[in-house]
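Spelled out from the first residue to the last, the chains are:
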Amino acid sequence: MADTSNGYQKPLRLFSRVPTAIGNGGTYNPGKYNLTGYTRLAGVFRLSAGAAATGYPRILQSIDGTNTDHTTVLTADTTQATAVYTFDITILAPYVTFEFTNGVTPANLSADGMAYGIGGGSSSSGGSTPTTTVECIPLPLSINTIGDNTVIAAPGAGNSLRIYHIDYVTGAAVSVIMRSGATALSGTYPFPDIASYAFDAGNSGPIICGDNEAFIINLSAGVSLGGMILYTAAAT
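So, how was this worked out
- Residues numbered from 1 in each chain as written.
- Predicted model: local features only at pLDDT ≥ 70, side-chain atom pairs only at ≥ 80, totals over all residues.
- Heavy atoms only, no water.
- Helix = DSSP H or I, 4+ residues; strand = E, 2+ residues; numbered from the N terminus.
- Buried < 20%, exposed > 50% of the residue type's maximum accessible area, 1.4 Å probe, protein only.
- Contact = heavy atoms within 4.5 Å.
- Pairing = 2+ DSSP bridges.
- pLDDT = per-residue confidence, 0-100.
- Phe/Tyr/Trp six-rings, centres within 6.5 Å; stacked < 30°, edge-to-face > 60°.

Asks: If you had to explain the overall build of the protein chain to someone new, which residues and values would you point to?
Replies: Within the protein chain, the regular secondary structure consists of zero helices and 20 strands. Every one of the 236 residues in the protein chain was classed for burial, and the buried ones make up 47%. A sequence separation of at least 24 residues applies to 82% of the contacts in the protein chain between residues at least 6 apart.

Next comes the structure, spelled out in C-alpha cells:
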C-alpha cells in the first residue's frame, strides 16, 4: 500500500542495481515493469566505461509487454565514457523497460540507476491504488560544479521549500552537503567512489528549508551527480 501518511504520494521505486559489465555487443536490461495507472516515470540512468562505448540508452514502452510501441532516447550521442542521464517522461503504455546496447567498439561498460513511477495506480509489485493529497513537483537533478549548486531557487518571502524525496548517484569520489541557504541541512556525506543516496519523507516527514531560502547541494569536487527530487513550496 502506498504511504500517504505525510500528505503526499510516495513514488514506486522500480530498480537500483549494482553496476553490470556490458561487453562488445552486449545489452543491459534490468527488467520489465508493469506501471498500469501510473502517469510519469522519473529517475537517473548512469553509464561508466573504461573506454568509450558505442550505443545509447533508451526507455522502451510496450502496450502488450512484448512489442515496443514507444521509445525515448536519453541521448543521441553514441560515444559514451562516463555519463549520468536524468529523465522525467510521460508513461504512454503500461510496460516499461530500460536498455543500453553496446555497439561495435570493444569496451566493458557498467550501467545502473534508479527509477520511480509517479501518479495514482497499481503495479506488478502489488499494493493498492494510492491517493494523492499533495502534488509534488518532480525535478531532474544534474550538477557537476565544485562548491554550492542552487538546485531549487528560493520560493519568495513567506514560503518555504519542502523536500519529500531526493535520490542521486555520484560519478566519482566526492563529499556532499545539503543546505537551506547558508544553513546546513545535513552533515558531510563522504562518498569514496561511485555511490547512490536516497531520502524519502516516509514517516519522518519532509526536509523543510527556511523561509525564502534556496535548496543547495555543495560538492567538494567537480564530479557529476544525477538523480531526481520531489518537492513542494508552501506557506511558511
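Okay, back to it.
Asks: Provide a residue-level description of the pairing of strand 20 (residues 225–235), including the pertinent values.
Replies: Burial analysis of strand 20 places eight of its 11 residues in the buried class, which makes it a mostly covered element. Pairing of strand 11 (residues 137–143) with strand 20, which is carried by seven bridges, proceeds in the antiparallel orientation. Bridged to Leu 139 within strand 20 is Ile 229. Examined bridge by bridge, strand 13 (residues 159–170) and strand 20 share 11 bridges and lie antiparallel to one another. Bridge pairing in strand 20 links Asn 159 to Ala 235.

Asks: Talk me through the environment of Gly 156; I want residue IDs and the actual numbers.
Replies: Mapped onto the elements of the fold, Gly 156 is located in the loop between strand 12 (147–152) and strand 13. Residue Gly 156 is classed as partly exposed on the basis of its relative accessible area, which comes to 21%. The sequence separation of Gly 156 and Glu 213 amounts to 57 residues, and the corresponding C-alpha distance is 8.0 Å.

Asks: I'd like a description of the confidence of the model for the protein chain, backed by residues and values.
Replies: Taken over all residues, the pLDDT of the protein chain has a mean of 76, while the share at 70 or more is 65%. Mean pLDDT across the secondary structure elements of the protein chain bottoms out at strand 1 (residues 12–16), with 61, and peaks at strand 19 (residues 215–219), with 97. Ignoring residues within four places in sequence, the model shows residues 1–8, a span with pLDDT below 50, making 27 contacts including any to other chains. Ignoring residues within four places in sequence, the model shows residues 121–133, a span with pLDDT below 50, making 27 contacts including any to other chains.

Asks: Mind laying out the packing of aromatic side chains, listing which residues take part and the relevant values?
Replies: Within this structure, the stated rule accounts for four aromatic pairs. Summarising the aromatic geometry, the rings of Tyr 168 and Phe 191 are spaced 6.0 Å apart at their centres and angled 85° between planes, so their arrangement reads as edge-to-face. Within this pair, whereas Tyr 168 is found in strand 13, its partner Phe 191 is found in strand 16 (residues 189–191), the two being separated by 23 residues in sequence. Judged on exposure class, the residue Tyr 168 and its partner Phe 191 are both buried. Measuring from centroid to centroid gives 6.2 Å for Tyr 189 and Phe 191, while their planes differ by 20°, and the two rings are stacked. Given the relative accessible area of 12%, Phe 191 is considered buried. Through pairs of rings, three or more aromatic residues link up here, namely Tyr 168, Tyr 189, Phe 191 and Tyr 197.

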